[in-house]
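Here is what each chain is made of, one letter per residue.
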Amino acid sequence: MKSINYIILAVACLCLFSACEEQPLTIPPFLPPTSGKVVLIEEFTGASCSGCPAGAAKVEELLAFYPENVAAVAIHGEFLTQPIEDKSKYDFRNDDALELEQSFTIFSKPAATINRSPILDGMLIKDSPPVWGVFVDELLKGEQEIELTIEASVDNGILDVVVFGTALVDLPGSYNLGVYVTQSHILDYQKTNGSTLEDYEFNHFLRKSLTSVPNGDILVSDLLADGTFDRNYSFTLPTELDPMIPEWKVEDLEVVAYVSRDGGARAPIIQAAKKKLN
């Protein structure tokens, strides 16, 4: 009888230890979005904002993770955007950036709108960079409603842009089109927590909006599936600049476009696109 009890005890212990063995964790492979949906991050930043490098780093991380599905623009508007005294070479502020920032309620930086959507948390302004990717992921799960492409070139100092759109579903109501010109790879001073960085790289800096800010230009109403549109824009790149204004370098320019539902600056963006000029 004792031998039977020992056998039962041994089997029970074997089962217990088997159950406690560490099981391999299977992580499913990353599957990039299969649609052409593109999300726009409008990042509110500034050279005098010590926390903003963290926001810029998150934007770069998301651009690297979703190279075909995320576009970005860095807006140096009003709050914490002044050049660093006796250090900064450039002033990244301009009227378009100022008007854009004033159209939103910015209490702190870094901050961003992501497709100008209050998705998940009910807040239009997202002020915690570590979770920006969560909002991007969720928005990329949505249906792509429109195909948006850009052609852009510079000839004799004139930037010519054509934006093409094709509705993939019926789009009742009114829509707006916004077109930005951004510039990257500009080195200058940037405040950070506890210090100032000397050769900080500013990217996606909003240089010019080719459309009205903050809403964009009125586009179309009641676009049916397979319906198309195109819009043309021209802009002469300035050559006589204040010494504090960065030089326009064609190889570092990018055109970013978006389509939003009509309803002001707080109307959600349904699709974005981007086109580098290099």
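Since the structure is predicted, the reported quantities are computational estimates derived from the model, not experimental observations. (Residues numbered from 1 in each chain as written. Predicted model: local features only at pLDDT ≥ 70, side-chain atom pairs only at ≥ 80, totals over all residues. Heavy atoms only, no water.)

Our next topic: the sheet that holds strand β11 (residues 228–236). In space, the three strands of this open sheet follow the order β4-β5-β11, with antiparallel pairing throughout. Two strands close off the open sheet at either side, each with one partner strand: β4 (146–155) and β11. Neighbour-to-neighbour, the strand axes of the sheet open up by a mean angle of 15°, direction not taken into account. Pairing of β4 with strand β5 (residues 158–167), which is carried by ten bridges, proceeds in the antiparallel orientation. Note on β5: the bridge partner recorded for Leu148 is Gly165. (Pairing = 2+ DSSP bridges. Helix = DSSP H or I, 4+ residues; strand = E, 2+ residues; numbered from the N terminus. Axes fitted to C-alpha atoms, helices over the stretch in contact; angles between N-to-C directions.)

Moving on to the side chain of Asn69. Checked against the element boundaries, Asn69 lands in the loop between α2 (52–65) and β2 (70–75). Within the structure, the side chain of Asn69 is placed 2.8 Å from the backbone oxygen of Lys37, a separation counted as a polar contact. With near-sequence residues (within four places) excluded, Asn69 lies in contact with Pro33, Ser35, Gly36, Lys37, Val38, Val39 and Leu140. (Polar contact = N/O pair within 3.5 Å; in protein donor to acceptor, adjacent residues only side chain to side chain. Contact = heavy atoms within 4.5 Å.)

Pairing is possible between side chains of opposite charge, provided their charged atoms come close. Inspection of the entire model under this criterion finds seven salt bridges. The salt bridge involving Glu42 is made with Arg116; its shortest N-O contact spans 2.8 Å. Of this pair, Glu42 sits in strand β1 (residues 39–44) while Arg116 sits in the loop between β3 (111–114) and α4 (132–140), placing them 74 residues apart in sequence. With a relative accessible area of 0%, Glu42 lands in the buried category. The class for Arg116 is buried, based on a relative accessible area of 0%. For Arg261, the salt bridge goes to Glu145, with nearest N and O atoms at 2.9 Å. One end of the pair, Arg261, is in strand β12 (residues 253–261); the other, Glu145, is in the loop between α4 and β4, with 116 residues separating them in the sequence. (Salt bridge = Lys/Arg side-chain N within 4 Å of Asp/Glu carboxyl O. Buried < 20%, exposed > 50% of the residue type's maximum accessible area, 1.4 Å probe, protein only.)

One pass over the structure, following the stated rule, counts one disulfide. With a sulfur-sulfur separation of 2.2 Å, Cys49 is cross-linked through a disulfide to Cys52. Here the S-S torsion is close to 85°, and the disulfide linking Cys49 with Cys52 is therefore right-handed. Judged by its relative accessible area of 1%, Cys49 is buried. (Disulfide = S-S within 2.5 Å.)

Moving on, we get to the nonpolar core. Counting residues in hydrophobic clusters, the biggest one holds 29 residues, and the most contacted among them are Ile150, Val161, Val163, Leu177, Val179, Phe229 and Val259. Per-element tally for this core: the top contributor is strand β6 (residues 171–183), with five residues. Counting residues in hydrophobic clusters, the runner-up holds 21 residues, among them Leu40, Ala71, Ala111 and Tyr258. (Core = buried A, V, L, I, M, F, W, Y, C linked by side-chain atoms within 4.5 Å.)

Our next topic: a nonpolar patch on the surface. Side chains of Leu120, Val131 and Val134 sit close together on the surface and give an oily, nonpolar patch of about 250 Å² of accessible area. Here Val134 shows up in helix α4. (Patch = residues over 30% accessible without salt bridge, like charges linked within 9 Å, V, L, I, M, F, W, Y side chains within 5 Å. Areas by Shrake-Rupley, 256 points an atom, 1.4 Å probe, with all protein chains shown as cover.)

Among the secondary structure elements, Pro214 is positioned in the loop between β9 (205–209) and β10 (217–223). Classification of Pro214 as buried rests on a relative accessible area of 12%. When the C-alpha atoms of Pro214 and Gly178 are compared, they prove to be 8.3 Å apart, with 36 residues separating the residues in sequence. Not counting residues within four places of it along the chain, the set of residues in contact with Pro214 comprises Glu99, Leu100, Ser103, Arg116, Tyr258 and Ala265.

Here Leu40 lies in strand β1. Overall, the relative accessible area of 0% leaves Leu40 in the buried class. Taking the C-alpha atoms as reference, Leu40 lies 5.9 Å from Val70; in sequence the two are 30 residues apart. Every residue in contact with Leu40, bar those within four places of it in the chain, is listed here: Ala71, Ala72, Val73, Thr113, Ile114, Asn115, Tyr180, Val256, Tyr258, Ile269 and Ala272.

Another point: the side chain of Asn115. In this structure, Asn115 sits in the loop between β3 and α4. Its relative accessible area of 1% is what places Asn115 among the buried residues.

Okay, the packing of α2 against α4 next. Orientation of α2 relative to α4, taken along the N-to-C sense of each, is 35°, at an axis distance of 10 Å. Considering only the axes of α2 and α4, their crossing is right-handed. Judged by residue contacts, Gly55, Lys58, Val59 and Leu62 of α2 engage Trp132, Gly133 and Val136 from α4. Here the residues of the contact of α2 with α4 are counted per class, giving four nonpolar, two polar and one charged. (Left-handed = near helix turned anticlockwise from the far one by under 90°. Nonpolar A, V, L, I, M, F, W, Y, C, P; charged D, E, K, R; others polar.)

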